[in-house]
Amino acid sequence: LTRGTKKHSAEQLAAAVENLGASLNASGGRNSLLLEGKSLKADFPALLALAAEVLAEPTFPAGEMEKRRVARLADLESIKEDSWRLSGRQLYQILFAGHPYARDPLGTEASLKKLTPDDLRSFHRRTVRPGNLVLAVTGDVTLAEAQAEVERALAKFFKDDAPFAPPAVPAPPPLAAGRRDVTTRPELRDAVFRLAWRAASVNDPDRAALDVLAAALDGMGNRLFTEVREKRGLAYAVGCYNFPPLDTGAFIVYGGVKPENVGEAVRLCLAEFRQVAEKGLEPDEL
């Protein structure tokens, strides 16, 4: 989005933002596309004008896209040398098979190589629409001031009243049974294990309980760290986290260990979870 518009090239746009002493960045995730900027209050209208231009009039120049493609392919290749990222990608492929969450947001070598500027323009037309926009302003500005500036900067964008049609997303098929996968790469000296359960989405009432559970069990001094690393020295990193996106989520436990310690470390992690399931958290943990 920030690599060229109808009015500015990528270099001109970067210079305009830099001259304000501001920042303007775009990123994409599994559920959303984000454009965010930061500036001094006096420069807020100027930055908002640039943001509106990026939002409404990106051109996706072929040369700039090629630079991004090369960088993405290099990042994709680097995963093969990183046991943490490799295990994460493998886990999501298994846990969310049949659902878009199974796909790495980086893409694949094949998908990146065939992607064209027209593909991006088409996606932008379908997705970046007023009816699909959430806008937040934070800082030394009143609601009335912010609203006036936003309406002024995005007036042309807001005139586009074509409805937004969200893409159809399939429900992930049920997991028939537990599954275990092992990827062996002799060139990687460490081993990473991940244990995962399908869990709550961001709007599920159980999401809060899982967030609390993750906070209670993760981090130095908490159960997993104490039992697996501190007492027995089986892992150099161990913890857990809750992943609650828009669709089905996951609760994930992870550990970085020597290959010969995988089995025992996994056994101890599962034992801690069984104990919590049967007896709950201690009052001080909660």
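Going by the structure above, here's the rest.
Because the structure is a prediction, the values reported are computed rather than measured. (Residues numbered from 1 in each chain as written. Predicted model: local features only at pLDDT ≥ 70, side-chain atom pairs only at ≥ 80, totals over all residues. Heavy atoms only, no water.)

Student: Please set out the sheet that holds strand β3 (residues 191-199) residue by residue, giving values where relevant.
Tutor: Strands pair in a sheet through their backbones, by hydrogen bonds, and they do so in one of two ways: parallel or antiparallel. With antiparallel pairing, 3 strands are arranged side by side in an open sheet as β3-β5-β4. At either end of the open sheet lies a strand with only one pairing partner, and these are β3 and β4 (235-243). Here the average twist between neighbouring strands, direction ignored, is 10 degrees. Judged from the 9 bridges that link them, β3 and strand β5 (residues 249-257) form a sheet pairing that is antiparallel. Bridge pairing in β5 places Leu195 opposite Val253. Together, β3, β4 and β5 form the strand contacts of helix α4 (residues 83-95), whose direction differs from that of β3 by roughly 30 degrees. (Pairing = 2+ DSSP bridges. Helix = DSSP H or I, 4+ residues; strand = E, 2+ residues; numbered from the N terminus. Axes fitted to C-alpha atoms, helices over the stretch in contact; angles between N-to-C directions. Contact = heavy atoms within 4.5 Å.)

Student: An account of the nonpolar core is needed here, citing residue identities and associated values.
Tutor: Where a protein is soluble and globular, its nonpolar side chains tend to be buried together. By size, the foremost hydrophobic cluster in this structure holds 23 residues, and its most contacted members are Val228 and Cys269. Where this core is concerned, the elements lending two or more residues are β3, α9 (207-217), α10 (223-230), β4, β5 and α11 (262-279). Of all the elements, α11 adds the most residues to this core, at 6 residues. Excluding anything up to four places from it in sequence, Val228 contacts Gly233, Leu234, Ala235, Val238, Ala265, Leu268 and Cys269. Counting residues in each nonpolar core, the second largest holds 11 residues, with Leu13, Ala51, Val54 and Phe60 among its members. (Core = buried A, V, L, I, M, F, W, Y, C linked by side-chain atoms within 4.5 Å. Buried < 20%, exposed > 50% of the residue type's maximum accessible area, 1.4 Å probe, protein only.)

Student: Which residues make up the packing of helix α2 (residues 44-56) against helix α7 (residues 143-153), and what values go with them?
Tutor: Packing of α2 against α7 leaves a shortest axis separation of 9 Å and a crossing angle of 40 degrees. One element, α2, and the other, α7, form an angle in the oblique class. Classified by chirality, the crossing of α7 by α2 is right-handed. In this structure, α2 uses Phe44, Pro45, Leu48, Ala49 and Ala52 to contact α7, whose residues at the interface are Ala146, Glu149, Val150 and Ala153. Considered class by class, the residues forming the contact of α2 with α7 number 8 nonpolar, no polar and 1 charged. (Parallel < 35°, antiparallel > 145°, perpendicular 65-115°, else oblique. Left-handed = near helix turned anticlockwise from the far one by under 90°. Nonpolar A, V, L, I, M, F, W, Y, C, P; charged D, E, K, R; others polar.)

Student: Account for helix α1 (residues 10-19), with residues named and values stated.
Tutor: Listed in full, the buried residues belonging to α1 are Ala10, Leu13 and Val17. Seen end-on, α1 carries its buried residues on one side only, within an arc spanning 70 degrees. Summarising the geometry of α1, the exposed residues directed more than 90 degrees from the buried face are Glu11, Glu18 and Asn19. Elements that come into contact with the buried residues of α1 comprise β1 (23-28), α2 and α3 (62-78). Looking one or two places after α1, you find Gly21, whose phi comes out positive at around 65 degrees. (Arc of directions from axis to C-beta.)

Student: Please set out the environment of Gly255 residue by residue, giving values where relevant.
Tutor: In this structure, Gly255 sits in strand β5. Residue classification places Gly255 among the buried positions, given a relative accessible area of 0%. In this structure the C-alpha to C-alpha distance between Gly255 and Lys113, which are 142 residues apart in sequence, comes to 34 Å. In contact with Gly255, not counting residues within four places along its chain, are Trp84, Ala191, Val192, Phe193, Ala237 and Val238.

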